[in-house]
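# Residue-level structural notes
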Amino acid sequence: MAIDQDKVCLNIIAGCYERTVLGYEVTYNEKSEKYSIQAKFTDNSHIGYVKTIAASNNLLASGSTDETIHLYNLQSNTELGTLLQHDGTITCLCFHADSHMISSSEDGTLCVWDTNSWDCMKTLKGHKGGVNSIAIHPSGKLALSVGVDKTLRTWNLLKGRAAYTTNIKQAADHVLWSPDGELYIVVIEGVINVYNITTASIACTTNCKKRINAVTFITDRVVAVGGEGNNISLYEITKSEVTCIHDFEAHDNRIKGLKCVPACTVSGKPSKSHRWLVSASSDGYIKLWSLQINKLQEESPSLLAKISTTARLTCVTVRPTVKAAEAEKEKTQTKVTMALDERKASPKQPAVKRTKALSEHKGGKSKKKKMKP
């Protein structure tokens, strides 16, 4: 039975060890006044497990241990092709609006992609070993990366080159900008270090006493953290300290992925007072939580919906509905997009575009491929 698109509130996409990309829709039933998560598509194009996944308003990208990035159009529900630039496991993917994407790999490089042509505009080199995580500043002017070489690197995306390197003495697992772009956090095992963007130095730090597998911002100064345990913890960041303000049991196994978006109202517009938190766990469940921003310390998040995927989940991402995405875009008055100079791609063919790439990678005939419902 087809799902009424007017009632779709959110798209959730997850990757797993079973080499599959799983797509779901969050729907709202006006009669019962309840939310539910329903399966939308599955895709088995990867030949290695799915390690990272990212979505923009219209696009989806998945990265795998098979060293490829698979591309999808979420509007038409079709595969676009495969990117073959990297020579190692794809470790992280980040979109900036619908115009650019950055990928990182165990080969030590970052690639900046033009999402219109899927040409590799620039390959950023500098890390002496694999890159673990990347983050794009909300302005699109800067990017951060951390790797096994125990460095934190800042990249000037306007000029397409390294800005400076910080030796952090340990290999970091995650790096993340705050939504307002005024600070960033670096996660090393169970420790969260908060950096001041002005001084590029650590402003405050906290030890979560468990390995952190996933982290996401709820507000400009509150982060949700999940890791080697059943609980999700909320930490508030001030100028001088990071404090745990709430902790709640979310799953029956370790947390593998967290993503937060403004809650979607019945009218389809983002809520100003609530956030939705999506969690994915090794227990196979994806859950949708509602958080009231002004009561994060007093009230536990309420569970809106959950679904058992029966898969060993590795990562998760979300895509707001078209109405919510457009409203959020209108809310932001100034958007600075990346403006890298046009440069030729490297001698190695950076991308085998569209469905031809899929057919060559899979060894089949060239044709446009729909994702399985």
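Residues numbered from 1 in each chain as written. Predicted model: local features only at pLDDT ≥ 70, side-chain atom pairs only at ≥ 80, totals over all residues. Heavy atoms only, no water.

## Thoughts on the overall build of the chain
As a reminder of what qualifies: Where helices and strands are cited, they refer to DSSP runs of H or I of at least four residues and of E of at least two residues respectively, numbered from the N terminus. For the exposure calls, accessible area comes from a 1.4 Å probe over protein chains only, and a residue counts as buried if that area is under 20% of its type's maximum, exposed if over 50%, partly exposed in between. Residue contacts follow a heavy-atom distance rule, with two residues in contact if any of their heavy atoms lie within 4.5 Å. Only the protein chains shown count as cover for residues, with accessible areas throughout obtained via the Shrake-Rupley method and a probe of 1.4 Å.
The secondary structure content of the chain amounts to two helices and 29 strands. By residue count, 54% of the 373 residues in the chain fall in the buried class. Taking contacts inside the chain between residues at least 6 apart in sequence as the whole, the part at least 24 apart equals 48%. Of the roughly 16,900 Å² that the chain leaves accessible, carbon and sulfur atoms contribute 47%.

## Quick look at the environment of N167
Rule in force here: Whenever two N or O atoms come within 3.5 Å, that pair is a polar contact, provided that in protein one can donate a hydrogen and the other can accept it, and provided that, for residues adjacent in sequence, both atoms are side-chain atoms.
As for its position among the elements, N167 is in strand β15 (residues 161–167). Taking the relative accessible area as the measure of exposure, N167 reaches 57% and is therefore exposed. Measuring from C-alpha to C-alpha, the distance between N167 and L152 comes to 6.4 Å, with 15 residues separating the pair along the chain. At a separation of 3.0 Å, a polar atom in the side chain of N167 contacts the main-chain amide nitrogen of K169.

## Side note on the pattern of salt bridges
To keep it simple, the criterion reads: Salt bridge criterion: a side-chain nitrogen from Lys or Arg within 4 Å of a carboxyl oxygen from Asp or Glu.
One pass over the full model with this rule turns up eight salt bridges. Two residues, D173 and R211, come together in a salt bridge whose shortest N-O distance is 3.1 Å. On the criterion of sequence distance, the pair formed by D173 in the loop between β15 and β16 (174–177) and R211 in the loop between β19 (201–207) and β20 (212–219) is long-range, its members being 38 residues apart. Given the relative accessible area of 17%, D173 is considered buried. The class for R211 is partly exposed, based on a relative accessible area of 38%. The residue R221 makes a salt bridge to E182 at a minimum N-O spacing of 3.1 Å.

## Quick notes on the packing of aromatic side chains
Two measures describe an aromatic ring pair: the distance that separates the ring centres and the angle between the ring planes. Where we set the bar: Each pair of aromatic rings taken from Phe, Tyr and Trp, with Trp reduced to its six-membered ring, is defined by centres within 6.5 Å and is described as stacked if the planes are under 30 degrees apart, edge-to-face if over 60, and tilted in the remaining cases.
All chains considered together, the criterion is met by six aromatic pairs. Measuring from ring centre to ring centre gives 4.8 Å for Y28 and Y35, while their planes differ by 50°; the resulting arrangement is tilted. Seen from their ring centres, W177 and Y184 are 5.1 Å apart, and the 65° between their planes marks the pair as edge-to-face. Take W177 and Y184: they sit in the same class, and that class is buried.

## Side note on the sheet that holds strand β11 (residues 120–125)
The following threshold applies: At least two bridges found by DSSP between two strands is the condition for calling them paired. Whenever a helix is involved, its axis is fitted only over the stretch in contact; in every case the axis is a line through C-alpha atoms, and angles between N-to-C directions fall within 0 to 180 degrees.
With respect to topology, four strands assemble into an open sheet ordered β8-β9-β10-β11, the strand pairing being antiparallel. Where the open sheet ends on each side, the last strands, each with one partner, are β8 (90–96) and β11. The sheet shows a mean angle of 15° between the axes of neighbouring strands, direction not considered. Judged from the five bridges that link them, strand β9 (residues 100–105) and strand β10 (residues 109–114) form a sheet pairing that is antiparallel. Following the sheet pairing, M101 is matched in β10 by W113.

## Considering the nonpolar core
Nonpolar side chains in soluble globular proteins tend to end up buried together. To keep things clear, this is the line we draw: Each nonpolar core is a collection of buried residues, namely Ala, Val, Leu, Ile, Met, Phe, Trp, Tyr and Cys, held together in the definition by side-chain atoms within 4.5 Å.
Ranked by size, the top nonpolar core spans 24 residues in total, and within it L10, I12, I37, W276, V278, I286 and L313 carry the most contacts. Listed by contribution, the elements that provide at least two residues to this core are β1 (8–16), β2 (21–29), β24 (255–264), β25 (270–281), β26 (285–292), β27 (302–308) and β28 (313–320). Looking at this core, the element that brings in the most residues is β1, giving five residues. Apart from the residues lying within four places of it in its own chain, the contact partners of I286 are I12, A14, Y24, I37, V278, S279, A280, A305, K306, I307, T309 and L313.

## Concerning the pairing of β10
Extensive coverage of β10 is indicated by the burial of six of its six residues. By the alternation rule, side chains of β10 split into T109, C111 and W113 and L110, V112 and D114, which are all buried. Counting the residues in the hairpin turn of β9 and β10 gives three residues, including G108, whose phi is positive at 90°. Sheet analysis places β10 next to β11, joined by five bridges and oriented antiparallel. Across the sheet, residue C111 finds its bridge partner in β11, namely T123. The antiparallel hairpin formed by β10 and β11 contains five residues in its connecting segment, where W118 sits at a positive phi of about 60°.

## Looking at the side chain of T89
Turning to its location among the elements, T89 is positioned in the loop between β7 (78–83) and β8. The class of T89 is buried, set by a relative accessible area of 11%. In this view, T89 contacts K51, S64, T65, E67, S104, S105 and E106; residues no more than four positions away in its chain are not counted.

## With respect to the pairing of β15
For strand β14 (residues 151–156) and β15, the ladder comprises six bridges, and the chain directions are antiparallel. Each residue of the ladder has a partner; that of N156, found in β15, is R161. Between β14 and β15, which pair antiparallel one after the other, the connecting turn spans four residues, and G160 there sits at a positive phi close to 70°.

## A word on the sheet that holds β14
Paired through backbone hydrogen bonds, the strands of a sheet run either parallel or antiparallel to each other. Ordered by their spatial adjacency, four strands build an open sheet running β12-β13-β14-β15, and the pairing between neighbours is antiparallel. Each edge of the sheet is formed by a strand with only one pairing partner; in this case those strands are β12 (131–136) and β15. Across the sheet, the mean angle separating the axes of adjacent strands is 20° when strand polarity is ignored. Judged from the five bridges that link them, β12 and strand β13 (residues 142–147) form a sheet pairing that is antiparallel. By the bridge assignment, I136 is partnered in β13 with A143.

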